[in-house]
Amino acid sequence: MTTTHNPTGYSTLQIALHWIIAALVVFQVIFGEDIVPAFRAFLRGTESTADELLAADIHVWVGIAIFALAVIRLAIRVARGAPAAPAGESAAQKWIAVATHIVLYGVILGMPVSGGIAWFLGVEAFGTIHEIGKPVIILFVALHTVGALYQHFVVKSDVLMRMLRPERRGAA
Ligand code: HEM
Ligand code: HEM
């Protein structure tokens with residue numbers, strides 16, 4: 001892997017990871033409540049049905065997959081760098097974009113950790129923290145999406161296209 005600290009775009013792998021993780025996060029938010037009956041039963045010390053356990057397993061394994069992909073993604077991000085903000089962007093806009101990306105990395109790494117502590121160690125408080133994650137994700141993904149669409153349709157920068165079309169040179 002060539003280490004580039006001033007890339008002009010994202011690689012195919014970075015783009016694939018972005019959209020796979022995005023799809024899995026949307027899935028988790030829509031179907032997240034499916035794990036709640038099994039978790040409640042576990043905390044009460046009662047049995048779950050087979051369907052409840054299957055639903056819980058799906059949530060747990062999709063979440064672990066997000067975590068693994070997020071670690072790979074962050075490692076590539078650190079090694080390769082990211083393209084510069086579009087020219088002419090104000091300091092405030094740059095700050096909002098960076099802060100939003102940090103929160104989103106926090107989500108894809110922090111949600112599986114809080115969920116894992118709740119589920120594997122049976123710590124109810126982490127289940128509550130994990131639940132608070134839901135509105136946080138909805139808010140920041142909405143902000144992030146509005147930002148991307150605003151860049152594309154209003155500012156007419158290449159910000160959305162560079163998350164769809166890989167940079168030509170450089171691997172990984
Ligand atoms: C990025 C990954 C994840 C996302 C976006 C996510 C999202 C969610 C959502 C939206 C809920 C429902 C919250 C509600 O009822 O209001 C939930 C519940 C839960 N999730 Fe996750 N989850 C993720 C990963 C995980 C992982 C990896 C585990 C376990 C290893 C896990 C364990 C749980 C548990 C135990 C609950 C029930 C919490 C409670 O009722 O107190 N989650 N999750
Ligand atoms: C649903 C979960 C999503 C998550 C967790 C997420 C996460 C992220 C993160 C962490 C970055 C920063 C990449 C980096 O430079 O390291 C990023 C970039 C980006 N995302 Fe998302 N994203 C999501 C959904 C979306 C959606 C729905 C859109 C478009 C409508 C989108 C468009 C973009 C674009 C265009 C960039 C590149 C920004 C730039 O080059 O400055 N994302 N995303």
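Here the structure is a predicted model, which means the values were calculated and not measured. (Residues numbered from 1 in each chain as written. Chains lettered and ligands numbered in written order. Predicted model: local features only at pLDDT ≥ 70, side-chain atom pairs only at ≥ 80, totals over all residues. Heavy atoms only, no water.)

Draft legend 1. Here's a closer look at the site of ligand 1. In the neighbourhood of ligand 1, 24 residues make up the surrounding shell, with I35, R40, H59, H130 and E131 lying closest. Here an oxygen atom of ligand 1 and a side-chain polar atom of R40 are 2.9 Å apart. Separating an oxygen atom of ligand 1 from a side-chain N or O atom of E131 is a distance of 3.3 Å. Elements represented by at least two residues in the shell around ligand 1 include exactly α1 (12–31), α2 (36–44), α3 (50–80), α4 (91–121) and α5 (124–155). Sorting elements by how many residues they give to the shell around ligand 1 places α4 first, with six residues. Classifying every residue of the shell around ligand 1 gives twelve nonpolar, eight polar and four charged. (Near = heavy atom within 4 Å. Polar contact = N/O pair within 3.5 Å; in protein donor to acceptor, adjacent residues only side chain to side chain. Helix = DSSP H or I, 4+ residues; strand = E, 2+ residues; numbered from the N terminus. Nonpolar A, V, L, I, M, F, W, Y, C, P; charged D, E, K, R; others polar.)

Draft legend 2. Molecular detail of the side chain of Q28. Relative to the helices and strands, Q28 is located in helix α1. Every residue in contact with Q28, bar those within four places of it in the chain, is listed here: H59, V62, G63 and I66. (Contact = heavy atoms within 4.5 Å.)

Draft legend 3. Inspection of the pattern of salt bridges at higher detail. Counting across every chain of the model gives four salt bridges. A salt bridge links R80 to E167; its shortest N-O distance comes to 2.4 Å. With R80 in helix α3 and E167 in the segment after α5, this pair connects stretches of sequence that are 87 residues apart. For the salt bridge of D158 with R162, the shortest nitrogen-to-oxygen distance reads 4.0 Å. Given a relative accessible area of 41%, D158 falls into the partly exposed group. Classification of R162 by relative accessible area gives buried; the value is 12%. (Salt bridge = Lys/Arg side-chain N within 4 Å of Asp/Glu carboxyl O. Buried < 20%, exposed > 50% of the residue type's maximum accessible area, 1.4 Å probe, protein only.)

Draft legend 4. Highlighting the environment of H101. Looking at the element boundaries, H101 is found in helix α4. A relative accessible area of 36% means that H101 is categorised as partly exposed. Sequence separation between H101 and F67 is 34 residues, and the spatial gap between their C-alpha atoms is 16 Å.

Draft legend 5. Fine view of the site of ligand 2. If you check the shell around ligand 2, you find 19 residues, and the closest are Y10, H18, R77, Y105 and H144. Contact distances for ligand 2 include 2.5 Å between an oxygen atom and a side-chain N or O atom of R77. At the level of secondary structure, the elements contributing two or more residues to the shell around ligand 2 comprise α1, α3, α4 and α5. Of the residues in the shell around ligand 2, the class split is twelve nonpolar, four polar and three charged.

Draft legend 6. Spatial organisation of α3. The terminal C-alpha atoms of α3, which comprises 31 residues, lie 45 Å apart, in line with the 45 Å expected from a rise of 1.5 Å per residue. Listing the buried residues of α3 in full gives A56, H59, V60, V62, G63, I66, A70, R73, I76 and R80. Among the structural elements, α1, α2, α4 and α5 are those in contact with the buried residues of α3. G81 sits one or two residues past α3 and shows a positive phi near 85°. (Expected span 1.5 Å × (residues − 1).)

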